[in-house]
Amino acid sequence: MNMVLLGNLSQMAAFTGTLLAMLLLLVGLMRNDLRCIESGRRFLAGIAVFTSMAALALSRLFMTDAFQVEYVASYSDRALPLFYKATSFWAGQKGSLLFWAWVLSLYIALVTWNTRRETR
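Residues numbered from 1 in each chain as written. Predicted model: local features only at pLDDT ≥ 70, side-chain atom pairs only at ≥ 80, totals over all residues. Heavy atoms only, no water.

1. Concerning the overall build of the protein chain
Rules: Numbered from the N terminus, helices here are DSSP runs of H or I no shorter than four residues, and strands are runs of E no shorter than two. Computation of the radius of gyration draws on C-alpha atoms alone. For the globule rule, the value is 2.2 Å times the number of residues to the power 0.38.
The number of helices and strands found in the protein chain is five helices and zero strands. What you see in the protein chain, going N to C, is helices and strands ordered as α-α-α-α-α. Its C-alpha atoms give the protein chain a radius of gyration of 17 Å, clearly above 14 Å, the size a compact globule of 120 residues would have. The C-alpha extent of the protein chain, read off along each of the three principal axes, is 55 × 25 × 25 Å.

Here it is, written out as structure tokens:
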């Protein structure tokens, strides 16, 4: 699959999952419905998976010098050492936002995983 398409689809899935997780968690809290809360928590784990896929897709685009992508062309060069290509991921605003969304989604998944025993 094309890395650009994979990254875009992953971001859309993460966004949709975020909206669904918020809705399920709010409804679950308002109605005291543990099934909705548990479903919302599972969506939070899915968000981490999808943002990880988007981050890996962008990283691969940088590593393979995919200059047809505007972001890669703006912040990378064939002469850059591998370390600098990897750090080009967050060189611009778009990459930085994806990086922080990725880190925060991993953190939320970790917190959700560690607190799962408290809701049962």
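Having seen the structure, we can now continue with the description.
2. Description of the packing of aromatic side chains
Note the threshold: Centres within 6.5 Å are what make two rings of Phe, Tyr or Trp a pair, Trp counting through its six-membered ring; a difference in plane orientation under 30 degrees is then read as stacked, over 60 as edge-to-face, and the rest as tilted.
Following the criterion strictly, the structure yields eight aromatic pairs and no others. Here Phe89 and Phe99 contribute two aromatic rings whose centre-to-centre distance is 6.2 Å and whose plane-to-plane angle is 75 degrees, an arrangement assigned as edge-to-face. You can see Phe89 sitting in the loop between helix H4 (82-87) and helix H5 (93-114) and its partner Phe99 sitting in helix H5, a full 10 residues away along the chain. Their ring planes at 70 degrees and their centres at 6.2 Å tell us that Phe99 and Trp102 sit as a pair that is edge-to-face. In this pair, Phe99 and Trp102 are both assigned in helix H5, three residues apart and thus about one turn of the helix distant.

3. Quick notes on the environment of Trp90
The cut-off we apply is this: To sort residues, take the accessible area from a 1.4 Å probe on protein chains only and compare it with the maximum for the residue type: under 20% means buried, over 50% means exposed, and anything in between is partly exposed. Throughout, a contact is declared for two residues whenever any of their heavy atoms are within 4.5 Å.
Inspection of the secondary structure assignment puts Trp90 in the loop between H4 and H5. Using a relative accessible area of 40% as the deciding quantity, one classes Trp90 as partly exposed. Separated by 88 residues in the primary sequence, Trp90 and Asn2 place their C-alpha atoms 21 Å from one another. Those residues in contact with Trp90 that sit more than four places away from it in its chain are Tyr71, Gly95, Ser96 and Phe99.

4. Focus: helix H2 (residues 34-63)
So the rule is basically this: One less than the number of residues in a helix, times 1.5 Å, gives the span that helix is expected to have. Pairs of N or O atoms within 3.5 Å make up the polar contacts considered here, provided that, within protein, one atom can donate a hydrogen while the other can accept it, and that residues adjacent in sequence are counted only when both atoms are side-chain atoms.
In this model, H2 (30 residues) spans 44 Å end to end at C-alpha, consistent with the 44 Å of a helix rising 1.5 Å per residue. The N-terminus of H2 is capped by Asp33, whose side-chain oxygen sits 3.1 Å from the backbone nitrogen of Arg35. With its phi angle positive at about 55 degrees, Asp65 sits one or two positions after the end of H2.

5. A few points about the side chain of Ser52
Relative to the helices and strands, Ser52 resides in helix H2. Residue class for Ser52 comes out buried when judged on its relative accessible area of 18%. Discounting residues that sit within four places of it in the chain, Ser52 has contacts with Trp102 and Leu106.

6. Some points on the side chain of Ser10
Checked against the element boundaries, Ser10 lands in helix H1 (residues 3-31). Setting aside residues up to four positions removed in sequence, Ser10 forms contacts with Phe50, Met53 and Ala54.

7. Structural notes on the packing of H2 against H5
Helices that pack against each other are described as a pair by the angle of their axes relative to one another and the distance between those axes. Which entries qualify depends on this criterion: In this analysis an axis means a line fitted to C-alpha atoms, helices contributing only their contacting stretch, and an angle means the value between N-to-C directions, from 0 to 180 degrees. Crossing handedness is defined as follows: a turn of the near helix away from the far one that is anticlockwise and smaller than a right angle gives a left-handed crossing, while the clockwise case is right-handed.
Remark: H2 packs on H5, axes separated minimally by 8 Å, with the N-to-C direction vectors making an angle of 145 degrees. Seen from above, H2 lies across H5 with left-handed handedness. The residues of H5 that touch H2, namely those facing Arg41, Leu44, Ala45, Ile47, Ala48, Thr51, Ser52, Ala54, Ala55 and Leu58, are Gly95, Leu98, Ala101, Trp102, Ser105, Leu106, Ile108, Ala109 and Thr112.

8. Comments concerning the pattern of salt bridges
Quick note on the threshold: The working definition used for a salt bridge is a side-chain nitrogen of Lys or Arg within 4 Å of a carboxyl oxygen of Asp or Glu.
Following the criterion strictly, the structure yields five salt bridges and no others. One salt bridge connects Glu38 with Arg41, and the closest N-O pair in it is separated by 4.0 Å. Pair noted here: Glu38 and Arg41 are both in helix H2, with a separation of three residues, about one helical turn. Look at Arg41 and you get buried, because its relative accessible area is 12%. Between Arg42 and Glu38 there is a salt bridge, with the nearest N and O atoms lying 3.5 Å from each other. Here Glu38 and Arg42 lie together in helix H2, a separation of four residues that amounts to about one turn. Salt bridges sharing partners connect three or more residues here, namely Glu38, Arg41 and Arg42.

Fair warning: the whole summary comes from geometry, so function is off the table for now.
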